[in-house]
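Survey of secondary and tertiary structure
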Amino acid sequence: MMYTVLICDDDKDIVSALEIYLTSEGYRTVSAFNGEEAVAAVREGDIDLILMDVMMPRLDGIRATAKLRESGGNIPIILLTAKSEDTDKVLGLNIGADDYITKPFNPIEVLARVKSQLRRYTTLGGKSAAGDEDSALRNGSIVMDDEAKSVTVDGEPVSLTPIEYNILRLLMKNLGRVFSTAQIYEQVWNDPALGSENTVAVHIRHLREKIEIDPANPRYLKVVWGLGYKMEKMA
């Protein structure tokens, strides 16, 4: 299957370089040079992943990401940021980006991140024709059907991004076990956990907002101070 990657950056040289890297690996590419063009491209065609620059004219990458998430889409979005844009990295994750790559980037790192995000996205999107009861993970009112790749809370479907789904699956398969942020990052992102604390914390918070009645006082997804996170076992 040929995947389509949308490359959005106001620097045409960067777009051209990314097109070369990605097409050489068998990806189809679509180009945009500001956030408005990126949003329009997603609405017009089948896009499987977005590489989105943060600093752009007309509509920056942060606001473009927010617009795309508001429409309910779960397409993986990887932000391209400068080293000085640490606050933008956190903000981007807060509003729905899945990952970020710091400029200047290594082509090998870009390809690895793209492959990793696409693998999670397509795995989560793969529906089976018939559900298998044995594939369901249950904890309290949360039910995760890993064959159908679906999650319900109190019988109501919950829409999760691939990252959120995989964090929840990890914790539901290991009820009561404490995972450090580094362990979560390494098992879900399949990358070394260097400076991963903020990234994991943001996704945990998003997950709480979707599965907890009161995210500020979670019943399920608990923090163990100084150690990490766990899924509390419920009857």
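Residues numbered from 1 in each chain as written. Predicted model: local features only at pLDDT ≥ 70, side-chain atom pairs only at ≥ 80, totals over all residues. Heavy atoms only, no water.

1. Re the pattern of salt bridges
For clarity, the cut-off: The salt bridge criterion pairs a side-chain nitrogen of Lys or Arg with a carboxyl oxygen of Asp or Glu, the two atoms within 4 Å. Helix and strand definitions here come from DSSP, where helices need a minimum of 4 consecutive H or I residues and strands a minimum of 2 consecutive E residues; each element is numbered from the N-terminal end. Buried, partly exposed and exposed residues are distinguished by accessible area as a fraction of the type maximum, computed with a 1.4 Å probe on protein chains only: under 20%, between the cut-offs, and over 50%, respectively.
The full count for this structure, using the stated rule, is 13 salt bridges. Notably, a salt bridge pairs Lys115 with Glu25, separated by 3.5 Å at the nearest N-O pair. Of this pair, Lys115 sits in helix α5 (residues 107-125) while Glu25 sits in the loop between α1 (12-24) and β2 (28-32), and the two are 90 residues apart along the sequence. Residue Lys115 is classed as partly exposed on the basis of its relative accessible area, which comes to 39%. Residue classification places Glu25 among the partly exposed residues on the basis of a relative accessible area of 40%. Each of the salt bridges in this network shares a partner with another, and the network as a whole consists of Asp99, Glu109, Arg113 and Asp191.

2. Focus on the sheet that holds β2
What counts here: Here, strands pair whenever DSSP counts at least two bridges between them. Note on geometry: axes are lines fitted to C-alpha atoms, helical ones only across the stretch in contact, with angles between N-to-C directions running from 0 to 180 degrees. It only takes one pair of heavy atoms within 4.5 Å for two residues to be counted as in contact.
As summarised here, the arrangement of the 5 strands in space is β2-β1-β3-β4-β5, forming an open sheet in which the pairing is parallel. Two strands close off the open sheet at either side, each with one partner strand: β2 and β5 (99-103). This sheet shows a mean twist of 20 degrees between the axes of neighbouring strands, independent of strand direction. Judged from the 5 bridges that link them, strand β1 (residues 4-8) and β2 form a sheet pairing that is parallel. Bridge pairing links Thr4 to Arg28 in β2. Running at roughly 170 degrees to β2, α1 makes contact with β1, β2, β3 (49-53), β4 (77-82) and β5 of the sheet.

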